[in-house]
Amino acid sequence: MATVITSKKACSVNPLKMSQPIGAALAFLGLNRCMPLLHGSQGCTAFGLVLFVRHFREAIPLQTTAMNEVATILGGMDNVEQAIVNICNRARPEVIGLCSTGLTETKGDDVEGYLKLIRAKHPELDGVPIVYVSTPDYKDAFQDGWSKAVTGIVRQLAQPAAVRAERQVNVLAGSHLTPGDLEEIREMAEAFGLDPILVPDLSGSLDGHIPEDFSPTTLGGTRLEQIRAMGASRATIAVGEQMRPAAEALEQKTGVPYTLFERLTGLTANDRLLAFLSRESGRQVPDKYRRQRSQLVDAMLDGHFFFGGKRVAVGAEPDLLWDVGCWLAEMGCELEAVTTAHSPLLERLPSAEVTIGDLEDLERLAHGCDLLITHSHGRQAAERLGIPFLRMGMPTFDRLGAAHRLSVGYRGTRDLVFEIGNLFLANAHDNRPDTWTPAKEERHAGAPATAH
Amino acid sequence: MATLAGKIQQVFDEPACGKNQAKSDKERKKGCSKQLQPGAAAGGCAFDGAKIALQPITDVAHLVHGPIACEGNSWDNRGAKSSGARLYRTGFTTDINETDVVFGGEKRLFKSIKEILDKYDPPAVFVYQTCVTALIGDDIEAVCKAASAKFGKPVIPVNAPGFVGSKNLGNKLAGEALLDHVIGTEEPAYTTPYDINIIGEYNLAGELWQVKPLLDELGIRILSCISGDARYHEVASSHRARAAMMVCSKAMINVARKMEERYGIPFFEGSFYGISDMSDSLRQIARLLVEKGAPAELTERTEALIRREEARAWERLDPYRERLAGKRVLLITGGVKSWSVVAALQEVGLEIVGTSVKKSTKEDKERIKEIMGDDAHMFDDMTPREMYRMLKEARADIMLSGGRSQFVALKAKMPWLDINQERHHAYAGYEGMVALVREIEKSLYNPIWEQVRTPAPWDAAPL
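Residues numbered from 1 in each chain as written. Chains lettered and ligands numbered in written order. Predicted model: local features only at pLDDT ≥ 70, side-chain atom pairs only at ≥ 80, totals over all residues. Heavy atoms only, no water.

K.L.:
Please give an account of the overall build of chain B that cites residues and values.
P.N.:
The helix and strand inventory of chain B stands at 22 helices and 13 strands. Computed over the C-alpha atoms, the radius of gyration of chain B is 23 Å, within 12% of the 23 Å expected from 2.2 N^0.38 for a compact globule of 463 residues. Projected onto the principal axes, the alpha-carbon positions of chain B cover approximately 75 × 65 × 50 Å. Counting across all 463 residues of chain B, residues that qualify as buried make up 59%. (Helix = DSSP H or I, 4+ residues; strand = E, 2+ residues; numbered from the N terminus. Rg over C-alpha atoms; globule rule 2.2 N^0.38 Å. Buried < 20%, exposed > 50% of the residue type's maximum accessible area, 1.4 Å probe, protein only.)

K.L.:
So what about the interface of chain A and chain B? Which residues, and what values?
P.N.:
It is common to give the size of an interface as the accessible area lost on bringing the parts into contact. Contacts between the two partners involve 63 residues from chain A, matched on the other side by 67 residues from chain B. Summing the contributions of chain A and of chain B, the shared interface buries around 5,600 Å²; its carbon and sulfur component is 58%. Taken as a group, Gln42, Phe47 and Phe214 of chain A account for 14% of the area that chain A buries against chain B, more than any other trio of residues on that side. Run the count over chain A and chain B and you get seven salt bridges. (Contact = heavy atoms within 4.5 Å. Buried area = accessible area lost by both parts, 1.4 Å probe. Salt bridge = Lys/Arg side-chain N within 4 Å of Asp/Glu carboxyl O.)

K.L.:
If you had to explain a negative patch on the surface to someone new, which residues and values would you point to?
P.N.:
All names here are of chain B. On the surface, Glu269, Glu363, Glu366 and Glu370 cluster together to form a negatively charged patch. In terms of residue count, the dominant contributor to the negative patch is helix H17 (residues 362-372) (three residues). Within the secondary structure, glutamate 370 is located in helix H17. (Patch = residues over 30% accessible without salt bridge, like charges linked within 9 Å, V, L, I, M, F, W, Y side chains within 5 Å. Areas by Shrake-Rupley, 256 points an atom, 1.4 Å probe, with all protein chains shown as cover. Lys, Arg positive; Asp, Glu negative; His and termini not counted. Charge placed at Lys NZ, Arg CZ, Asp CG, Glu CD.)

K.L.:
Outline the confidence of the model for chain A, listing residues and values.
P.N.:
Of the residues in chain A, 97% reach a pLDDT of 70 or more, and the chain-wide mean stands at 95. A low-confidence stretch, residues 445-452 of chain A (pLDDT under 50), is modelled with five contacts involving residues beyond four sequence positions or located in other chains. (pLDDT = per-residue confidence, 0-100.)

K.L.:
Summarise the pattern of salt bridges; cite the residues concerned and give the values.
P.N.:
As enumerated under the stated definition, the model contains 62 salt bridges over all chains in all. In this structure, lysine 17 of chain A and aspartate 95 of chain B form a salt bridge, with 3.1 Å as the shortest nitrogen-oxygen distance. Linking lysine 17 of chain A in the loop between strand E2 (12-13) and helix H1 (20-28) with aspartate 95 of chain B in the loop between strand E2 (92-93) and helix H6 (98-103), this pair reaches from one chain into another. By the burial criterion, lysine 17 of chain A is buried, and aspartate 95 of chain B matches it.

K.L.:
Give me the lowdown on the packing of helix H12 (residues 267-281) of chain A against helix H17 (residues 409-426) of chain A, citing residues and values where you can.
P.N.:
When two helices pack together, you describe them by how their axes are tilted relative to each other and by the distance separating the axes. Residues and elements named next belong to chain A. Two elements in contact, H12 and H17, have axes separated by 9 Å at closest approach and are oriented at 170°. Compared by their axis directions, H12 and H17 come out roughly antiparallel. Contacts between H12 and H17 involve Leu267, Asn270, Asp271 and Leu274 on the former and, on the latter, Gly409, Tyr410 and Thr413. (Axes fitted to C-alpha atoms, helices over the stretch in contact; angles between N-to-C directions. Parallel < 35°, antiparallel > 145°, perpendicular 65-115°, else oblique.)

K.L.:
Account for the packing of aromatic side chains, naming residues and giving values.
P.N.:
All names here are of chain A. One pass over the full model with this rule turns up 11 aromatic pairs over all chains. A ring pair is formed by phenylalanine 52 and phenylalanine 142, whose centres lie 6.5 Å apart and whose planes are at 65°; its orientation type is edge-to-face. Remark: phenylalanine 142 occurs in helix H7 (residues 142-157) and phenylalanine 52 occurs in helix H2 (residues 42-56); sequence separation between them is 90 residues. Like phenylalanine 52, the residue phenylalanine 142 is buried in the burial classification. (Phe/Tyr/Trp six-rings, centres within 6.5 Å; stacked < 30°, edge-to-face > 60°.)

K.L.:
Quick one: what's the story with the domain arrangement of chain A, residue by residue and with numbers?
P.N.:
Residues and elements named next belong to chain A. The domains assigned to chain A are domain 1 (3-12 + 290-426), domain 2 (20-140) and domain 3 (168-206 + 215-284). The C-alpha-based centres of domain 2 and domain 3 are spaced at 26 Å. Each partner contributes residues to the interface: domain 2 has 20 residues there, and domain 3 has 17 residues. For the domain 2 and domain 3 pair, buried surface summed over both sides reaches about 1,400 Å², with 67% attributable to carbon and sulfur atoms. At the boundary of domain 2 and domain 3, one finds zero salt bridges. Here domain 2 and domain 3 share eight residue pairs in polar contact (both at pLDDT 80 or more) between them. Going through the elements one at a time, H1, strand E3 (34-39) and helix H4 (77-91) are the ones with two or more residues in the side of domain 2 that touches domain 3. (Domains from an automatic or database assignment. Polar contact = N/O pair within 3.5 Å; in protein donor to acceptor, adjacent residues only side chain to side chain.)

Here it is in structure tokens:
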């Protein structure tokens, strides 16, 4: 049980948090032939674009309603209309994902009203669904924007079905999962003869494939007809607490029952998923996963010497923090935790406290820790602290392969045991003649560290 | 906002800008930002531009007053290097919440400034306005003034909220902030007849350090670089320089021009990219300094250094000629780089099959025509799809561009080189040109190209 502490500072230093609209935009990037559109100033889109390009090392379709000062004051109806018409003419998307921003929410643009008027005026756009989601920058964080977008997608596009597709399951995937993770989850479901529909599916759009031609929209990802067909599935697997609202919305609309998996890193977490898949499919757990489970058990036995009693500072959005934090605790580590926004999970974290704060808070907590885990912006803190640093989460812009980092499944967990265990091993301190000599500085050990 | 609107009009009416002066009164009033097309726009906002221009000042705290998006989505992502102070890489933001939006964020801003001064003790705090806080009417100039008075440290308002215009406008508004609040507020410890300012150079990938050793050798002191690897004190006392070089032509022309008017510092527009341009720049610096009273022998020493460095550079480039002859380059960049790099690449035998002139001035375009002949392939605005086609159909061998369009080339399985702000290699001066050519050669001849272009056996022929 953790005490949730909200930072009292007026100024956020070295932000851990990113904003809602780009979280929503990334969810839309997991749909096939989609164009996400931010209703805001062009900078809102430019920053998100650069961030995703550097993380995924892929071209990113992302547009803007290009609001200027005057348009903001007068209302953005014309800009939204022009943007949609232009996008449809130039990029011919199958679906548009429209997200508001702090700017247009402060003004109070009634985007849903605009969309009704635009629909009436432009019947030629009838074939292109537009999913709108309200995502002011000054509320919540990246993960919440993603969650709201997915909820909007299923609420608007999924259809109830008369006939059940017996082998079809829905997977609602949280923003903390990488394309590599999604690929692993898909393989697991398929190994039981199930036919999964992943929403959103970044493993289709941002997995680094080489398309045959240039596309101005996403290429790959969940297809529109797949989303519509979700109502026919026998079950929904929601991965991450952030997917609960979307899973509930889907259940309400289509009657497909959902099961929430709070996390998929760790032995017991995956046991639970495979038992579920086995029940749903009526098939035995395939040998492949029995072997992988045994390999993970062995890795845990080999690795636990190096994990036990280690202090690890983790800065991440709530679902990723939950995923990694719980697993580290299961390996015998102690946890220092900083996150970006509220979540029902926070109080249940296996740490004494969890701070809703920034990387300055994390850096303070990480003094004396054995490992720092956060996104690439933690690099300066890690350097100052002089402790090993593992990049996890978005953005990871200074390492290759962010899209393919695997940390779910038995196999993903096994590799994570090795990766983090090796960081501990590489940083092990040899005993020296003065190791057991009381140090003079010890009197000052409790003194706070100086800033920067 | 009235003052901001006035400032923008003033910035748009730039007497030292050739492009601006060629316009009719009516055109000029519209300003120099193209009207953006919703749904078909790309590029940063004015806030982004202001931050790019000022963030390289390394020892101050850069505080962004706005919701998390403006700083949280973008901080510490540019390659401006520092020779010492690191504070510029710390992200500070008021991260305003819904309550602030309703009741105003001025108190949070004031408290934030105090927290920063208490914890980090920088020589100054730069406060950046953003769209939301501008819209709700937070008066950052008043808050900065109050904070300055209360804490006895310069707190500089940078009033360039994103929605007032483009990145380029933001560069200029950042320059205005320096002119209004920083430049001329302190005095240098000493001055010499060899003191210059370099304006509009951001020390990306450490490029300033490719040039500085040559200036050092000539005894020329960079009193202040605005703003690459700059310290607050240097910028504040930059009004005592004898001459100035303006590097990125469209970015900070207002700073160069107004410093000439106010402090009598003559300036020229030059570039560190390309061999002949580098030499020209050194010559011009020497000329202006001598005109302002530096000993005339500086001219000869400069010429001698240019002769030596040019010979050395050409000697180092020579080995690449054979391997680069006839290779075709597609150059997608803006402004000055388009002509100054073109000339240098041509000199080692590369053929330029196209260059973008989206951000170039009329003068830039004329220079390109001069260099490339009448059949100059100038593109005003090339769509990614066109770039992709051009590469896919092998009408170019390599593309040089900014990071955002890199995948257009890579997905066509064609070599690409980063020449924009996020690049890791430094391409300035004589050293930089050699580095650029070496990178092009490395990229063109990497053994992966043949492998990645070969189809899988089962796709090439039925098994």
